[in-house]
Structure formats: structure tokens, C-alpha cells
Amino acid sequence: MATVQKNEFAFENVPSVKAKTLRINLNPDIYGTFAEIGAGQETARHFFRAGGASGTIAKAMSAYDKAFSDAIYGIEHDSRYVTQSRLKKMLSHEMRLMEERIPREEHPDRLFFSYANTVATIDFTKRYKGHGWLGIRFQLDPKQKEFDEIVLHVRFRQNEARLQQETLGIIGVNLIYGAFFKYDKPRKLLKYLYDHIDKDTLEIDMINFSGPNFSEVDNRLMSLQLIKNGMTDAVMFGSDGNNLLPAAVLYKKNILALRGSFRPVTKVNMDMFQKSYDIFIREQTVKEENTIVIFEITLSNLKASGEIDEQDFMDRAELLCSLGHMVMISNFQEYFKLVEYFNNYTKERMGLTMGVSNLIDVFDEKYYRHLSGGILEAFGKLFFKNLIVYLYPMRDPETGRILTSNNIKVHPRMKELYKFFKYNGKVMDIIDYDPEVLDIYSRDVLKKITNHKEGWEEMLPDGVAATIKENHLFLPKKNKATQEVE
């Protein structure tokens with residue numbers, strides 16, 4: 001039985017593009033199709049040029065005309081062709097044809113694959129930089145009933161279509177090579193996608209692994225790798241744990257974002273969310289059906305204790321997903337960068353829910369010294385016409401006084417600037433807050449959990465405490481391991 005052996009390619013020297021394609025071409029069992037729409041036969045070209053492609057390529061095709069494309073893969077009712085939906089249809093159709101047309105009886109050892117991409121390169125005006133979907137559906141054992149699949153989305157940063165096409169061809173080769181020879185090391189496979197590609201020329205902002213050989217892969221952790229490796233600035237995943245393309249989720253939506261550590265998510269977090277959401281959807285220009293809520297965690301927050309603790313990250317993600325929320329991990333330490341990012345995809349209403357201490361930090365000049373325009377440049381990007389801050393009050397630990405937008409103290413130099421935004425309706429107090437939860441802080445709850453103290457359960461939303469206990473979340477590694485063994 002022909003199977004792809006693990007660790008077959010043991011050394012870490014990066015093979016050339018030709019060496020990768022030749023290795024696949026000379027493997028008598030790997031056999032599949034290439035379907036590439038939008039940027040030419042860029043990936044297939046590398047396999048043809050390497051030699052021996054007749055043993056690998058069953059078919060290579062493009063269908064640029066929409067009528068032809070629709071006839072082959074079906075109609076896209078929203079008339080958008082550079083989408084994950086289109087890519088999935090391409091992969092499914094081509095793999096079905098492989099199974100129908102290549103008799104398994106005559107080729108018992110063949111490892112079938114279908115590679116596809118649907119891409120829009122930079123336009124003539126250079127207004128739209130270009131992006132695309134690419135993926136591979138494949139098998140590592142000829143008796144494998146369910147196929148494995150890797151799907152990713154890329155954004156091009158080059159300013160010439162020719163250069164973008166070349167980059168697409170290389171990443172396509174890297175993906176196919178990684179699928180067959182690095183599938184058992186998905187984190188390394190992710191890094192190897194950039195072999196012979198400068199990171200400044202290409203952004204990977206979403207990837208999903210699925211299938212029997214990736215059953216142990218958590219796609220949320222793969223999202224985290226994209227951020228850690230500098231491949232993108234923001235990633236998103238849904239309550240089902242699968243990664244989402246931020247551009248598709250945010251496109252023309254009203255957005256309400258809540259930033260926090262969520263370590264763990266507490267009653268005060270949920271009160272902040274619910275009360276600000278109730279105000280947000282009552283805005284005249286906001287339609288609830290076109291509104292999304294994002295719980296955002298910054299990379300710097302994940303690094304608060306030094307290096308990123310992936311188990312800690314997964315614990316936070318587990319809780320937020322269990323509550324049915326969409327999560328974003330970003331590299332945007334400053335709020336204005338987050339808003340700027342959202343503004344790339346929507347011009348609709350935006351809301352930021354934050355506590356008093358966060359708002360005071362927003363008006364601290366030290367965070368903007370790296371900008372040529374200083375705090376004014378940052379505020380020009382932050383408080384644009386469609387954004388509003390929903391401010392959740394805080395109890396002063398020394399005086400017990402409730403702090404709101406009316407009595408907080410910002411730096412004297414910032415006082416007039418603060419008044420300008422406050423009186424122009426850019427900051428709105430949440431007044432129907434729950435006073436019973438004001439003194440709940442995630443750090444206090446976490447300390448009680450890790451020290452096995454009592455009383456933390458009542459500080460969390462319904463069901464969260466049970467999830468923490470059931471899955472032993474936020475426990476020190478030693479304790480967690482011990483409980484799992486028991």
C-alpha cells in the first residue's frame with residue numbers, strides 16, 4: 001500500500017521550488033488536478049517546467065469566462081468569484097472527477113489531490129491590491145475515505161500583477177509540497193508556505209486544516225501562529241472554533257468591539273457587552289441583523305506573563321466560544337489601529353466598549369510618541385465620524401466614588417481635547433450598569449482559581465464555572481496534568 005511516510009524529508013535546508021516540484025513529479029503515486037482562476041496557470045507552470053509532470057498532473061485548467069466557470073462549478077448568486085465558497089466548489093468538483101475518471105482498480109496506489117485557487121490580482125488603478133483563496137484536497141493513503149484539506153486566504157502587497165502571479169505560483173507549490181511531506185508538522189507547514197517568498201510581499205490572514213490527518217489540529221492555535229509569525233495583524237474565529245476571514249466577516253457591517261483579557265470572562269465583561277449592545281442597536285443607523293459583536297484580545301495581552309502561553313490562550317478561547325462569541329486576536333496595541341483596521345472593510349457604525357481606566361490610557365500621550373502627528377494623528381483615526389465609545393463606569397478603590405465620563409481625570413494637557421470629544425457625543429456613559437458586579441476583576445478570579453480558593457464561581461456568567469471545572473481551565477500545568485491523569 002502506498003502511503004506518504006512521516007519525517008521522509010528530515011533535514012531543514014529549504015529545497016528550491018524546482019526541487020519541491022520535481023520531488024512530487026517523481027513520486028509515482030501523487031496524482032491530481034490544477035484549477036486556477038484569475039492569475040493564470042502559475043502553480044501548474046512550476047510543475048510543467050520541472051519535468052516529469054505527466055506522472056503528476058491529470059489536468060490543468062482555467063475558466064476565466066464567468067459563463068464557462070458557472071457551467072463547470074455552478075452559479076455564484078452573489079456574483080462574487082474570489083470567495084471561499086467558490087474555492088470549495090472547485091476542490092470538490094475536481095476531486096469528484098478524479099475519482100470518476102481514474103479507475104481505482106487500475107491505479108490502487110494513487111494518492112489523489114485537487115489543487116485550486118481563485119484570485120484577483122492588482123487592478124490597473126492600483127486601488128485594489130489583490131487577494132485570493134487557495135487550497136488543496138488530498139489523500140495520504142489510497143484507502144482513505146475522507147479527504148484531508150487545507151484552505152487559506154492571502155493578500156498581496158506587491159504593486160505589479162506579474163509579481164503577484166509569481167508569488168501565487170510559489171505559495172501554491174509550497175502548499176502542495178507541505179500537504180504531502182509536512183502534514184504531520186502543521187506549524188512548520190505554515191512557516192514553509194513562505195519558502196522563497198518575502199513576508200513583506202504576502203499576507204496570510206486565514207487558514208483552516210480539516211480531515212482525518214488533521215483531527216488533532218485546533219485551527220484557533222493555527223490562527224495564533226499566523227499572528228506570532230508576523231504573517232498577519234489580525235485573525236478571527238467563530239464559536240465553532242474554525243477560523244474566519246476578517247474581511248468577509250466585517251464587510252459592510254456595524255461593529256461593536258469589546259477588548260479585554262477574558263482570563264476568565266466574568267459577569268462584568270458580559271454586563272459591559274450586553275448594556276453597550278442594547279444602546280448600540282438602538283442607534284438610528286444600526287440594523288441588528290447587520291451587526292456583529294467581537295471580543296478582542298491583543299497579542300500583547302497574551303504576552304502579559306512573558307512568552308505566549310498557548311494553553312492559557314486556548315482556555316480563554318474555550319470560554320468565549322462556549323458563550324457563542326466571535327473572537328479576534330490582533331496585533332493592535334493602540335485602539336486607533338484597531339479602528340483603522342475595521343475601517344478597511346466597513347464604513348458603517350462602529351462602537352468600542354471600554355472601562356474608565358482604558359479611556360484614561362487612550363488620552364495618555366506616551367502611547368503616541370512614535371507617530372509623527374502624535375496624539376492628534378491617532379485621534380483623527382480613532383474618533384472618525386462613525387465611531388462612538390461606550391464607557392463602563394468604575395468604582396474608585398480609594399474613595400468608593402463611581403467614575404464616569406463626567407468626573408474622570410485625564411492629563412491637564414489633554415483636558416480640552418477630551419472635552420471636545422465628550423461634548424461632540426463620541427463618548428457615551430453606560431448608565432444602566434449592574435452595580436453588583438463593579439468590583440469583579442478577572443485577575444482576582446484567576447488568582448482564586450489557581451490557588452483553589454472558594455467563591456469565584458458566582459463572579460462568572462452562567463455555565464462558565466462549570467466549563468472551567470469540567471475542562472480544568474486556568475490551572476497551573478502541574479495541577480492540570482495531575483487532574484487529567486486522575
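Parameters at a glance
Residues numbered from 1 in each chain as written. Predicted model: local features only at pLDDT ≥ 70, side-chain atom pairs only at ≥ 80, totals over all residues. Heavy atoms only, no water. Helix = DSSP H or I, 4+ residues; strand = E, 2+ residues; numbered from the N terminus. Rg over C-alpha atoms; globule rule 2.2 N^0.38 Å. Buried < 20%, exposed > 50% of the residue type's maximum accessible area, 1.4 Å probe, protein only. Contact = heavy atoms within 4.5 Å. Lys, Arg positive; Asp, Glu negative; His and termini not counted. Charge placed at Lys NZ, Arg CZ, Asp CG, Glu CD. Axes fitted to C-alpha atoms, helices over the stretch in contact; angles between N-to-C directions. Parallel < 35°, antiparallel > 145°, perpendicular 65-115°, else oblique. Left-handed = near helix turned anticlockwise from the far one by under 90°. Nonpolar A, V, L, I, M, F, W, Y, C, P; charged D, E, K, R; others polar. Pairing = 2+ DSSP bridges. Core = buried A, V, L, I, M, F, W, Y, C linked by side-chain atoms within 4.5 Å. Phe/Tyr/Trp six-rings, centres within 6.5 Å; stacked < 30°, edge-to-face > 60°. Arc of directions from axis to C-beta. pLDDT = per-residue confidence, 0-100.

Details of the overall build of the chain
Reasoning step 1: Per the secondary structure count, the chain includes 18 helices and 16 strands.
Reasoning step 2: Relative to its length of 486 residues, the chain is compact, with a C-alpha radius of gyration of 25 Å against a globular reference of 23 Å.
Reasoning step 3: In terms of its C-alpha atoms, the chain occupies a principal-axis envelope of roughly 80 × 60 × 40 Å.
Reasoning step 4: Counting all 486 residues of the chain, 56% fall into the buried class.
Reasoning step 5: Sequence separation of at least 24 residues holds for 72% of the intrachain contacts in the chain that already meet a minimum separation of 6.
Reasoning step 6: Counting 66 positive and 67 negative side-chain charges, the chain places the centres of these two groups 4 Å from one another.

A look at the packing of helix 1 (residues 17-25) against helix 5 (residues 161-181)
Reasoning step 1: The interhelical angle for the contact between helix 1 and helix 5, taken along N-to-C directions, is 45 degrees, at an axis separation of 10 Å. The angle between helix 1 and helix 5 falls in the class oblique. In this structure, helix 1 meets helix 5 at a crossing whose hand is left-handed. Residues Val17, Lys20, Thr21, Arg23 and Ile24 of helix 1 touch helix 5, and the partners they reach there are Ile170, Val173, Asn174, Ile176, Tyr177 and Phe181.
Reasoning step 2: Class assignment for the residues of the contact of helix 1 with helix 5 results in seven nonpolar, two polar and two charged.

Re the sheet that holds strand 13 (residues 387-392)
Reasoning step 1: Pairing within the open sheet is mixed, and its eight strands lie in the order 8-7-11-10-9-12-13-16. What marks the edges here is a single partner per strand, and that holds for strand 8 (243-244) and strand 16 (427-429).
Reasoning step 2: Two elements, strand 9 (residues 254-259) and strand 12 (residues 350-355), share four bridges in a ladder whose sense is parallel. Counterpart to Ala257 in the pairing with strand 12 is Leu352.
Reasoning step 3: Of the strands in this sheet, strand 7 (234-237), strand 8 and strand 11 (326-330) are in contact with helix 7 (residues 219-228), which crosses strand 7 at around 170 degrees.

Observations concerning the pairing of strand 7
A regular strand places its side chains on the two faces of the sheet in alternate fashion.
Reasoning step 1: Residues of strand 7 alternate between two faces, with Ala234 and Met236 on one and Val235 and Phe237 on the opposite face, all of them buried.
Reasoning step 2: Sheet analysis places strand 7 next to strand 11, joined by four bridges and oriented antiparallel. Looking across to strand 11, one finds that Phe237 is bridged to Val327.
Reasoning step 3: With two bridges connecting them, strand 7 and strand 8 associate as antiparallel partners.

Side note on the nonpolar core
Reasoning step 1: Membership of the largest hydrophobic core comes to 95 residues, with the highest contact counts inside it found for Ile150, Leu152, Ile171 and Phe180.
Reasoning step 2: No other element matches the 10 residues that helix 5 contributes to this core.
Reasoning step 3: When neighbours within four sequence positions are excluded, Ile171 is seen to be in contact with Leu134, Leu152, Val154, Leu193, Ile197, Leu202 and Ile204.
Reasoning step 4: Met90, Leu245, Ile375 and Met414 belong to the second largest nonpolar core, which has 58 residues in total.

A closer look at the side chain of Glu334
Reasoning step 1: As for its position among the elements, Glu334 is in the loop between strand 11 and helix 12 (335-343).
Reasoning step 2: Not counting chain neighbours up to four residues away, the residues in contact with Glu334 comprise Arg259, Tyr367 and His370.

A few points about the packing of aromatic side chains
Reasoning step 1: Summed over all chains, the structure comprises 26 aromatic pairs.
Reasoning step 2: Considering the side-chain rings of Phe138 and Phe214, the 6.3 Å spacing of their centres and the 65 degrees angle between planes classify their relative orientation as edge-to-face. On the criterion of sequence distance, the pair formed by Phe138 in strand 4 (residues 130-138) and Phe214 in the loop between strand 6 (202-210) and helix 7 is long-range, its members being 76 residues apart.
Reasoning step 3: With relative accessibility at 0%, the residue Phe138 sits in the buried group.

Considerations on helix 15 (residues 415-423)
Reasoning step 1: For helix 15, every residue scored as buried is listed here: Leu417, Tyr418, Phe421 and Lys422. All buried residues of helix 15 lie within an arc of 135 degrees about the axis, which places them on one face of the element. Across from the buried face of helix 15, at angles greater than 90 degrees, the exposed residues are Glu416 and Tyr423.
Reasoning step 2: Elements in contact with the buried residues of helix 15: helix 13 (356-362), helix 14 (374-382) and strand 16.

Re the packing of helix 12 against helix 14
Reasoning step 1: Across the interface, helix 12 lies against helix 14 with an axial gap of 8 Å and an inter-helix angle of 40 degrees. Here helix 12 is positioned oblique relative to helix 14, judged by the angle of their axes. Crossing angle aside, the handedness with which helix 12 passes helix 14 is left-handed. Taken together, the residues of helix 14 that come into contact with helix 12 (itself represented by Tyr335, Phe336, Val339 and Glu340) are Ala378, Lys381 and Leu382.
Reasoning step 2: Looking at the contact of helix 12 with helix 14, its residues break down into five nonpolar, no polar and two charged.

Re the confidence of the model for the chain
Reasoning step 1: Residues with a pLDDT of 70 or more make up 95% of the chain, whose mean pLDDT is 90.
Reasoning step 2: Low pLDDT, under 50, characterises residues 5-11; the stretch is placed with 11 contacts to residues that sit more than four places away or in other chains.
Reasoning step 3: Contacts for the low-pLDDT stretch residues 478-486, under 50 throughout, to residues beyond four places or in other chains number nine contacts.

Digging into the sheet that holds strand 3 (residues 111-121)
Reasoning step 1: Strands sit in the order 2-1-3-4-5-6 across an open sheet of six strands; the sheet is mixed. Pairing within the sheet leaves two strands with one partner each, and these edge strands are strand 2 (57-61) and strand 6. With direction set aside, neighbouring strand axes in the sheet form an average angle of 10 degrees.
Reasoning step 2: Where strand 4 and strand 5 (residues 148-156) come together, eight bridges link them in antiparallel fashion. Note that in strand 5 the partner of Trp133 across the bridge is His153.

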